[in-house]
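Remarks on the overall topology
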Amino acid sequence: MTDTVLTEDHIGKIEIVVNNVTLDCAGFTVNTSTDTGSIGISLIDKKGVRIKNCNIIVSGGGEGIIVIDSHGNRVKRSSVTGGELGFFVGNSHDIELRENTAIGSVLGFLVETSNNSKLKENIATSNFIGFGFSRSNDNELRKNKANNNTFGFSFGDSNDNEIKRNKACNNPSGNFVEVNSTGNDLEDNRFCP
């Protein structure tokens, strides 16, 4: 696979299998299959990859964009609608998610066992959890918005994260929830009813 720019909508999974490439969906849509567990875009054990301008529609209980066992990758200006997971980062570091949107997923953004990553200017709306962190440390969250989810921002066993200038409103079970987490630096965040 080399740098790729989509020229039309795509049905099924896009799997990135090499390092140091860019996938630009150019605003086109990636529709997952209707099979449970289907994936829109997968990035596993890769580095230096850029994903941008993708609109993922997840059918059934699938996942939008997953980044696993990877480092030094960027996902920008993309959206995921529906599914179990919108954006998933697992066992990775130095990942940047910027200007992305998760709508109507169980977990809009989930960062699990991942460190030293950045989430900036993302939006989570109408998910069960907008932004979830599990066993993830030393990450930076800046200028993200979590509105109209059940939970806005949730941290479990996640320490020393920098959480600044985020906004969470109308998340009835909690705008910001911490469980077994210490040293998280909250500054200039806005949490409203």
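Side note on the state of the cysteines
Going through the model one piece at a time under the given rule, you end up with two disulfides. Paired through a disulfide, Cys25 and Cys54 show a sulfur-sulfur distance of 2.1 Å. The S-S bond linking Cys25 to Cys54 shows a torsion near 75°; that makes this disulfide right-handed. Here Cys25 is found in the loop between strand E4 (22–24) and strand E5 (29–31), whereas its partner Cys54 is found in the loop between strand E7 (50–52) and strand E8 (55–57), with 29 residues between them in sequence.

Structural notes on the sheet that holds strand E9 (residues 63–68)
The parallel open sheet is built from eight strands, whose spatial order is E3-E6-E9-E12-E15-E18-E21-E24. Looking at the sheet topology across the chains shown, the edges are occupied by strand E3 (14–16) and strand E24 (174–179). If you compare each strand with its neighbour and ignore which way they point, the axes differ by 5° on average. The sheet contact formed by strand E18 (residues 129–134) and strand E21 (residues 151–156) spans five bridges and is parallel. Bridge pairing links Phe133 to Phe155 in E21.

Re the packing of aromatic side chains
Under the criterion given, the structure shown has seven aromatic pairs. Considering the side-chain rings of Phe133 and Phe155, the 4.8 Å spacing of their centres and the 10° angle between planes classify their relative orientation as stacked. Here Phe133 is found in strand E18, whereas its partner Phe155 is found in strand E21, with 22 residues between them in sequence. Taken together, the ring pairs in this structure connect Phe87, Phe109, Phe131 and Phe153 into an aromatic cluster.

Conventions and cut-offs
- Residues numbered from 1 in each chain as written.
- Predicted model: local features only at pLDDT ≥ 70, side-chain atom pairs only at ≥ 80, totals over all residues.
- Heavy atoms only, no water.
- Disulfide = S-S within 2.5 Å.
- Helix = DSSP H or I, 4+ residues; strand = E, 2+ residues; numbered from the N terminus.
- Pairing = 2+ DSSP bridges.
- Axes fitted to C-alpha atoms, helices over the stretch in contact; angles between N-to-C directions.
- Phe/Tyr/Trp six-rings, centres within 6.5 Å; stacked < 30°, edge-to-face > 60°.

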